[in-house]
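# Results of the structural survey
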Amino acid sequence: MEATETVRDRDRDRHRSPEATPGVICSELDIVYTVFGARKKATTTEGEQPWLERFLRQRRQVDTGNVRKVHAVKGVSFVARHGEAVGIIGRNGSGKSTLLRAIAGLIPPSGGRAWAAGRPALLGVNAVLLTGLTGSRNVMIGGLALGLSPREVRARYDDIVEFSGIGDFVDLPMSAYSSGMGARLRFAISTAATPDILMIDEALATGDAEFQARSRERIAEIREQAGTVFLVSHSNAAIRESCDRVLWMDQGRLIMDGPTEDVVSAYEASHRKGGR
Ligand SMILES: Nc1ncnc2c1ncn2[C@@H]1O[C@H](COP(=O)(O)OP(=O)(O)OP(=O)(O)O)[C@@H](O)[C@H]1O
C-alpha cells in the first residue's frame, strides 16, 4: 500500500513538474462579449411578426449605437500541466466561467490565444443537454459529443447511469429532474470518457455529500491518468480539497496564480478587509 502510494506520489510530482506536458496554455487571452442593449424602447410596427420584430430591433440597436461591449477576460496568461487540478476563484462576474468556455473552444478569443492538448470536456451545471429528452437519450448524445462512438457509449451506458445514481429517472425527461439529479447525470456523462481536460463549473457544490465524495474520487482518477482538471467554485472547501493550484480572477484579470493555500488565504483575507 505504502509502496503504491509512493509510486503514485512520484508520478503526480512528475506531472506537476515544470517539465510535465502542458495541457492548457492561455496567452494574453481576451474575451469581449457584444451585448445588444434593450434600454431604448423599440418602436415596433403594428402587425410585425415576432422574428421580424426582433431582427428589426437588433438592426435599430446597431444603427443607433445601442450596443455594449463587456470585456469579460483581460489578458489572461497561464500554463496548466497534465496531472494538475487547477481551481478558479473570484467573486461573481469576475470571468471564471467565460475563461473555461474559451478554453473549451466554445467562445472565440477576441485577442490572444487559448490552446488545449486534447479534447476538453466542459461540465457545468448550466451546460445544455436537451432537457426535453430522457436521461437515457442524453447519455447517448453527451457521449457522442465527447467523441465516443455509439458502441462505446452503449458499453459505458450502465456505468454512467449507475454513477449518476438517478435510477429509474433515466427514462424520464431531464426536465423532471431536480437540479442535483441533473448535475449528477452531467458529471457522470462528462467523466465517462476520461477526458484529457475536465472542466467543472460549480458541479461539486450541487450533489449531496455522498455524490461529492464520489466526484472527488473520479477527479483524482482523471488526474492520475495525467489529465488536467479545472474546477470553478465558490466553495473554498471544495477548492482546498480538490485542487493543488488556484487562479484568482478579479474583473476579468488574473490577479494571483499559485499554490491553493496561498491563493485561497489571500482571497479570504481580501474579504475580511472588505476588498475585492
Ligand atoms: N453571454 C454573455 N453575454 C454578455 N455578457 C456576458 C455573457 N456571459 C457573461 N457575461 C458577462 O461577462 C462577465 C463575466 O461573467 P462570467 O459568467 O464569466 O463570470 P463568473 O466569474 O463565472 O461569475 P459567477 O461567479 O457569477 O458565475 C460578467 O460581467 C457577465 O455579465
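A brief structural summary. Sequence positions are assigned chain by chain, starting from 1 and proceeding in written order. This being a predicted model, a pLDDT of at least 70 is required before a residue's local features are given, and a value of 80 or more before pairs of side-chain atoms are given or counted; all residues contribute to the totals for chains, interfaces and linings. Side-chain numbers here rest on the full set of heavy atoms in the structure, without hydrogens or water.

## A look at the sheet that holds strand β1 (residues 22-36)
When DSSP locates at least two bridges between a pair of strands, those strands are taken to pair. Helix and strand assignments come from DSSP, with helices taken as H or I runs of at least 4 residues and strands as E runs of at least 2, each series counted from the N terminus. Taken together, the 3 strands give an open sheet; going across it, the order is β2-β1-β4, and neighbouring strands pair in antiparallel fashion. At either end of the open sheet lies a strand with only one pairing partner, and these are β2 (67-81) and β4 (111-116). Each strand axis lies, on average, 25° off the axis of its neighbour in the sheet, ignoring direction. Direction of pairing for β1 relative to β4: antiparallel, over a ladder of 5 bridges. The residue bridging Cys-26 from the neighbouring strand is Ala-114, located in β4. Of the strands in this sheet, β1, β2 and β4 touch helix α3 (residues 96-103), which is tilted by about 115° from β1. To obtain an axis, a line is fitted to C-alpha atoms, over the contacting stretch when the element is a helix, and the angle between two such axes runs from 0 to 180 degrees between their N-to-C directions. The contact criterion used throughout is that any non-hydrogen atoms of two residues lie within 4.5 Å.

## A short note on the pattern of salt bridges
The term salt bridge refers to a pairing of a side-chain nitrogen on Lys or Arg with a carboxyl oxygen on Asp or Glu at a separation within 4 Å. Enumeration over the complete set of coordinates arrives at 8 salt bridges. When the shortest N-O distance is used, the salt bridge between Arg-216 and Glu-241 registers 3.1 Å. Of the two residues, Arg-216 is situated in helix α7 (residues 209-224) and Glu-241 in helix α8 (residues 236-242); the sequence distance between them amounts to 25 residues. Of the charged contacts, one joins Arg-240 and Glu-261 as a salt bridge, the two residues approaching to 2.8 Å between their closest N and O atoms. A residue pair is termed long-range when its members are at least 10 positions apart, and Arg-240 in helix α8 and Glu-261 in helix α9 (residues 260-272) qualify at 21 residues. Buried residues are those whose accessible area, probed at 1.4 Å on protein chains only, stays under 20% of the maximum for their type, while exposed residues exceed 50% and partly exposed ones sit between those limits. Classification of Glu-261 by relative accessible area gives partly exposed; the value is 40%. Within this structure, Glu-84, Arg-245 and Asp-257 form a network of salt bridges that share partners.

## As for the site of the ligand
The full set close to the ligand counts 13 residues, and Asn-92, Gly-93, Lys-96, Thr-98 and His-234 are the nearest of them. As used in this structure description, the phrase polar contact means that two N or O atoms lie within 3.5 Å; if the pair is within protein, one of them must be able to donate a hydrogen and the other to accept it, and residues adjacent in sequence are counted only when both atoms belong to side chains. One of the side-chain N or O atoms of Lys-96 is found 2.7 Å from an oxygen atom in the ligand. Taking Thr-98, its side chain carries an N or O atom lying 2.5 Å from an oxygen atom of the ligand. Only the protein chains shown count as cover for residues, and all accessible areas are computed by the Shrake-Rupley method using a 1.4 Å probe. Here the ligand has 630 Å² of accessible area as a free molecule, and 60% of this is covered by the chains. Put simply, the parts of the chain that give the shell around the ligand at least two residues each are β1, β2 and α3. Being near a molecule or strand, for a residue, comes down to having at least one heavy atom within 4 Å of it.

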